[in-house]
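The chain contents come next:
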Amino acid sequence: MGFFIEMLPELARGLLITLKLIACSAPLGLMIGFAVAAARSYGPRPLRAAARAYQSALRGVPLLVQLFLLYYALPRLGIVLSPFAAAVCGFSLCGGAYHSEYIRSALQSIPTAQMEAARALGMRRSRAVWHVILPQAARCSIGGCGNEIVSLVKYSSLAYLVTLVDLTGAGKLIAYRSFRFFETFLIVGLIYLALVALTSAGFRLVERRANPNHDSDPQRSWRCRTVAALAPSVPMARPGKDTN
Amino acid sequence: MTPTDLLSALPRLIAGAGMTLLIVVVAVGGGVLFGLPLGVLSFLNPPSRLLRLLLWLFDKLFRGFPALVLLFLIYFGLGSLPAVTISPFAAVALALGLRSAAYQAQLFRSALGMVHRTQVEAARALGLSQPRTLIYILLPQALRFSLPGLANEYSAVLKDSALAFTVGVVELMSRGKFLSMATRDTTTTYLLVAAIYWLLTQLGISLFRLIEHHRRIPGLGSSRIAGSRGNGGG
């Protein structure tokens, strides 16, 4: 028991870094996701192709390889990132590619008649997207994007492999010093599990709040459920509300 | 890196890719082996409270832990216990396989749920026993529904397999690391590694699409079941 109390401060320091990583990467990832989704849905043809290529490249390559490219390969081109910056860049660029799929399918689930009506009323396309389409699409993409942020909590552990001492890194240092590998990694895993449970419970709450009449409006609830099915190539979202 | 360097490095990278694929096949195959019974079990919602608790624990433990922490727990944690020796490859196969099993259990459970309840009622009314209903009515449809999810699972496990280098399995990622140290050209090396991973992802997904197309039943709803996870590397 003394061992756990002894290692607590060090784990807490690691946990703080992990939380900082998540707090920086999640909003950045969402922003990139929206930009890419909008480019793919409403952009001119070359922009659409670029957005597709971005999604395919970042979703087809392990995040670890992306992090290594950012941290070990970029310095050769004269761009030196700190471990923290490299991790945040990697997580938000990669997360953005996944977010963009959820957001795009949500954008496309809104009937095109709404865009036509907004245009007929004299709105510019960008205004119509921002004021008419997005508020509805955002509600539908909470499930998918929430899942992605829940996985961010887990894959933030890769930051340790670009030398950042986050929760996993702190665990590894403690394990090597004390030779109590099993207990240490079990505790570290349980902390991640608690974070995952908290995050997914939070998103479920937000989802319920954002869709107050979800079940009484059959059209909308149907639409939100089909968002998952619309996601192309590799389908990603789960049908139920269960998160990781 | 000069083009000749690149050409001489390629065979080693391809050997690494072979190892990566071996890891993926073992992990996804093991995942089906364990995940399918677990998925059926949780679909049937067993009355035993203990069994349900165990299913829940398995799910939480293997889906809620980051892959890296799970791998460390198995390789360093289990490996440090007396009387346990575990090779790096076995640790990776076990970690990724069990993780995949937990994800696939969810996948199969929701695929079974997609078959309409009335079909079960009709089968039971025609006198099929419960196991027969499962084997002849539910599974043939549910397995088809879960194919896109399996493709997703393949790509997720492929990407997670890059973590194997942290415990010393010589696969694509570690070959890349050795090569980058030998040539000191990290940029070209990791871009090359990334390209190979990308190719493997695309090839695997096309293969699954081919199977899906080949095994489709004309007229059976093309409702694609959602996959099991978003990002790999978790």
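Each chain carries its own residue numbering, running from 1 in the direction its sequence is written. In the order they appear in the text, chains get letters beginning with A and ligands get numbers beginning with 1. For a predicted model such as this one, the threshold for reporting local features is a pLDDT of at least 70, and the threshold for listing and counting side-chain atom pairs is 80 or more; totals across whole chains, interfaces and linings nevertheless cover every residue.

Helix and strand labels come from DSSP, where a helix needs a run of H or I of at least four residues and a strand needs a run of E of at least two; each type is numbered from the N terminus. For chain A, the count of helices and strands is nine helices and zero strands. Along chain A, helices and strands appear, N-terminal first, in the series α-α-α-α-α-α-α-α-α. Any residue surrounded by 20 or more other C-beta atoms within 10 Å of its C-beta is treated as buried, while 12 or fewer makes it exposed and the intermediate range makes it partly exposed; C-beta atoms here are placed from the backbone. Considering chain A as a whole, with its 244 residues, one finds that 49% of them fall into the buried category. With C-beta atoms placed from the backbone, a contact is any residue pair whose C-beta atoms sit within 7 Å. In chain A, 76% of the contacts between residues at least 6 apart in sequence involve partners at least 24 apart.

The number of helices and strands found in chain B is nine helices and zero strands. Sequence-ordered secondary structure for chain B, helices as α and strands as β, is α-α-α-α-α-α-α-α-α. A buried classification covers 46% of the 234 residues belonging to chain B.

What follows deals with the packing of helix α1 (residues 2–42) of chain A against helix α7 (residues 167–178) of chain A. Residues and elements named next belong to chain A. Here α1 crosses α7 at 150°, and the two axes come no closer than 7 Å. Classified by the angle between their axes, α1 and α7 sit roughly antiparallel to one another. In this structure, α1 crosses over α7, and the sense of that crossing is right-handed. On the side of α1, the interface is formed by Phe-3, Met-7, Glu-10, Leu-11, Arg-13, Gly-14, Leu-15 and Thr-18, while α7 contributes Leu-167, Gly-169, Ala-170, Gly-171, Ile-174 and Ser-178. Throughout this entry, Asp, Glu, Lys and Arg are counted as charged residues, while Ala, Val, Leu, Ile, Met, Phe, Trp, Tyr, Cys and Pro are counted as nonpolar. The remaining residues, Gly among them, count as polar. Broken down by class, the residue content of the contact of α1 with α7 amounts to seven nonpolar, five polar and two charged. Each axis is a line fitted through C-alpha atoms, and for a helix only the stretch in contact is used; angles between axes span 0 to 180 degrees, taken between their N-to-C directions. Angle categories are assigned with fixed cut-offs, so that under 35 degrees is roughly parallel, over 145 is roughly antiparallel, 65 to 115 is roughly perpendicular, and the rest are oblique. The crossing is said to be left-handed when, going from far helix to near helix, the turn is anticlockwise and less than a right angle, and right-handed when the turn is clockwise.

Here we take up the packing of helix α1 (residues 3–44) of chain B against helix α7 (residues 147–160) of chain B. Residues and elements named next belong to chain B. One way to put it is that α1 packs onto α7 with a least axis distance of 9 Å and a crossing angle of 135°. Between α1 and α7, the crossing angle belongs to the class labelled oblique. Judged by the sense of rotation from one axis to the other, the crossing of α1 with α7 is right-handed. Counting all contacts with α1, which are made through Val-24, Ala-27, Val-28 and Gly-31, the residues of α7 involved are Glu-153, Tyr-154, Val-157 and Leu-158. Taken together, the residues of the contact of α1 with α7 sort by class into six nonpolar, one polar and one charged.

This next bit is on the nonpolar core. Counting 126 residues, the largest nonpolar core has Leu-64, Val-65 and Leu-67 of chain A together with Leu-71, Val-92 and Val-193 of chain B as its most contacted members. Sequence-distant contacts of Leu-67 of chain A, defined by excluding residues within four places in its chain, comprise Ala-86, Ala-87, Gly-90, Leu-158, Leu-161 and Val-162 of chain A. Only buried residues count toward a nonpolar core: Ala, Val, Leu, Ile, Met, Phe, Trp, Tyr and Cys, linked into one set through C-beta atoms within 7 Å.

Moving on, we get to helix α2 (residues 49–64) of chain B. The end-to-end C-alpha distance of α2 of chain B is 21 Å, a good match for the 22 Å that 16 residues give at a rise of 1.5 Å each. Contacts made by the buried residues of α2 of chain B are with α8 (181–210) of chain A together with α4 (88–114) of chain B. Given a helix with a known number of residues, its expected span is that number minus one, times 1.5 Å.

Looking at the element boundaries, Gln-104 of chain B is found in helix α4. Separated by 72 residues in the primary sequence, Gln-104 of chain B and Val-32 of chain B have C-alpha atoms spaced 6.8 Å apart.

Let's shift gears to helix α3 (residues 63–73) of chain A. Two residues of an α-helix separated by three or four positions point the same way, owing to the 3.6 residues in each turn. Where burial is concerned, most of α3 of chain A is hidden: ten out of the eleven residues are buried. Here α3 of chain A has its buried residues at Leu-63, Leu-64, Val-65, Gln-66, Leu-67, Phe-68, Leu-69, Leu-70, Tyr-71 and Ala-73 of chain A. Each element contacted by the buried residues of α3 of chain A is listed here: α2 (45–60), α4 (83–109) and α6 (125–155) of chain A together with α7, α8 (172–183) and α9 (186–214) of chain B.

Residues and elements named next belong to chain B. In the Ramachandran plot, Ala-83 falls in the positive-phi region, its phi being about 75° despite a non-glycine side chain. For Ala-83, the position within the fold is in the loop between α3 (67–80) and α4. Here the phi dihedral of Arg-184 falls at roughly 60°; this positive angle occurs in a residue that is not glycine. A tally of 10 C-beta atoms within 10 Å means that Arg-184 is categorised as exposed.

A separate point is the confidence of the model for chain B. Per residue, pLDDT measures the predictor's confidence, with a range of 0 to 100. Chain-level statistics for chain B give a pLDDT mean of 90 and a share of 94% at 70 or above. Quick note on the complex model: pTM equals 0.87, ipTM equals 0.88.

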